[in-house]
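Coordinates in review
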2 protein chains.
Amino acid sequence: MQNVSTRTIGRLCIYRRLLSRLKDEGKTSVYSHELAALSGGSAALVRRDLMAIGYSGTPYHGYVIENLLSSMAAFLDDPQGQQVALVGLGNLGRALLAYFSGRRPHLAITAAFDIDPAKVNRVMHGCRCHAVARLVEVVREKGIQVGVICVPALQAQSIADQLVTGGVRAVLNFAPIRLHLPDGIYVEDLDMTTALEKAAYFARKKTKQNKENRRD
Amino acid sequence: MQNVSTRTIGRLCIYRRLLSRLKDEGKTSVYSHELAALSGGSAALVRRDLMAIGYSGTPYHGYVIENLLSSMAAFLDDPQGQQVALVGLGNLGRALLAYFSGRRPHLAITAAFDIDPAKVNRVMHGCRCHAVARLVEVVREKGIQVGVICVPALQAQSIADQLVTGGVRAVLNFAPIRLHLPDGIYVEDLDMTTALEKAAYFARKKTKQNKENRRD
DNA sequence: ATCTGTGAACTCGTTCACAGCT
DNA sequence: AGCTGTGAACGAGTTCACAGAT
């Protein structure tokens, strides 16, 4: 159950959302080919991904949704829950705060940071905004291990360094630059500018996009 | 100069931003290993990517930044410019509108859509908001080929279908579901929920993330 | 008859390593 | 000596294809 690839983890998160929906719709079991159709992969890929979490389906009856969801939660979630720090409360930062607030009990943004004195000490979407100057201190005190960077490109590296100093082990980076961080720190880039430019490029080509490039 | 992979296109966009910065800093030429260090790849990879656009560097002197930027613009940009339609003016949609407004002359959001009557017909960040009911019509009239989807998951598929009906060839999808679109339509998913969950997962593992998984 | 689990084959993107140039 | 361009080797991730289960 070790050394699962980042691609597989991403797909597991997607399967989980699909399974929740299916459960809500009243389904109790599901076949790999059904999840494949919903998630855009192949049945074999779904089965391999599920192998990673060590849950076995039953031949002919597929996977029992209820049990599979439990196995996934055990595998993907931290039983104590995890806190997230969000840095940069510009338009995007505020949108993210609104989007994630109160959604997942196991994974919540519990600290926000900005340089703007007008925002500091205000509470937005149930989350207190601190001065960036106190970032390392607050992150360390709360034991936060996940950081989200929504600051302009020029400040992103410095913020990332401070997050890591405070004890953060994984960063979700919205700034359009490549962060340089120590080994062992996970970085996930969500570069909207590049994404839009790519889309624009392929809008002009008769793309026979081979399904599997879709990954994010 | 055909059949360039999406990974390569993405990196080309990144190189271009780096090159602009280097140019602003007064540099006139650059080596593949410099771009590699800045972009987080290897020198060989940079050279292969640049081969794709058909620009040749000069041995010993590297690549002439000015010329390379021109070649990239010729390769990546549409000479007439491209318009983008943005659907969904919630927090995220508005943030994107603000973020992209007036930034790139060649690639601008020129139409926005929402169902909320309070938003319809207002102009935000220089962009007019139309009723979703008029989506197909407006997109077709303007000849828009790139769409950005910022609506809730439940409506995303329907919006995507309408965009394609209106003539859109590439979609940037922020909704956390997999869109099902005809072959030849490019889809780029930016799934923030999955991204955050992945980051949370890897924050707990002693990740020896093998550099290259960073892709988006 | 129709599913799962999985070794083996395959694919495609990256890196290696070196010839060619200056 | 130090770079670029590129054939060849490599490797991670995906699909194929089938044995095993019901």
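Here, every reference points to the structure presented above.
Attention in this report is confined to the structure presented alongside it. (Residues numbered from 1 in each chain as written. Chains lettered and ligands numbered in written order. Predicted model: local features only at pLDDT ≥ 70, side-chain atom pairs only at ≥ 80, totals over all residues. Heavy atoms only, no water.)

1. Looking at the packing of helix α6 (residues 135-142) of chain B against helix α7 (residues 153-166) of chain B
All names here are of chain B. Close contact between α6 and α7 brings their axes to 8 Å; oriented N to C, the two are set at 35 degrees. In terms of crossing hand, the pair formed by α6 and α7 is right-handed. For the pair α6 and α7, contact is made by L135, V136, V139 and R140 and by I159, Q162, L163, T165 and G166, respectively. Considered class by class, the residues forming the contact of α6 with α7 number 5 nonpolar, 3 polar and 1 charged. (Axes fitted to C-alpha atoms, helices over the stretch in contact; angles between N-to-C directions. Helix = DSSP H or I, 4+ residues; strand = E, 2+ residues; numbered from the N terminus. Left-handed = near helix turned anticlockwise from the far one by under 90°. Contact = heavy atoms within 4.5 Å. Nonpolar A, V, L, I, M, F, W, Y, C, P; charged D, E, K, R; others polar.)

2. Focus: the sheet that holds strand β7 (residues 146-149) of chain A
Residues and elements named next belong to chain A. Taken in spatial order, the 7 strands of this open sheet run β5-β6-β4-β3-β7-β8-β9, and their pairing is mixed. Edge positions in the sheet fall to β5 (123-124) and β9 (186-189), since each of these pairs with one other strand and no more. As paired elements, β5 and strand β6 (residues 127-131) share 2 bridges and run antiparallel to each other. When the sheet's bridge partners are listed, M124 is paired in β6 with C127. Strands in contact with helix α7 (residues 153-166) are β3 (82-87) and β7; relative to β7, the strand with the most contacts, it is inclined by about 170 degrees. (Pairing = 2+ DSSP bridges.)

3. Here we look at the interface of chain B and chain A
Each partner contributes residues to the interface: chain B has 66 residues there, and chain A has 66 residues. Seen at the junction of chain B and chain A, the total is 6 salt bridges. With a shortest N-O distance of 2.9 Å, B:R104 and A:E197 are connected by a salt bridge. Taken together, the connections running from chain B to chain A amount to 20 residue pairs in polar contact (both at pLDDT 80 or more). Here the side of chain B that touches chain A is composed, by residue class, of 34 nonpolar, 14 polar and 18 charged. (Salt bridge = Lys/Arg side-chain N within 4 Å of Asp/Glu carboxyl O. Polar contact = N/O pair within 3.5 Å; in protein donor to acceptor, adjacent residues only side chain to side chain.)

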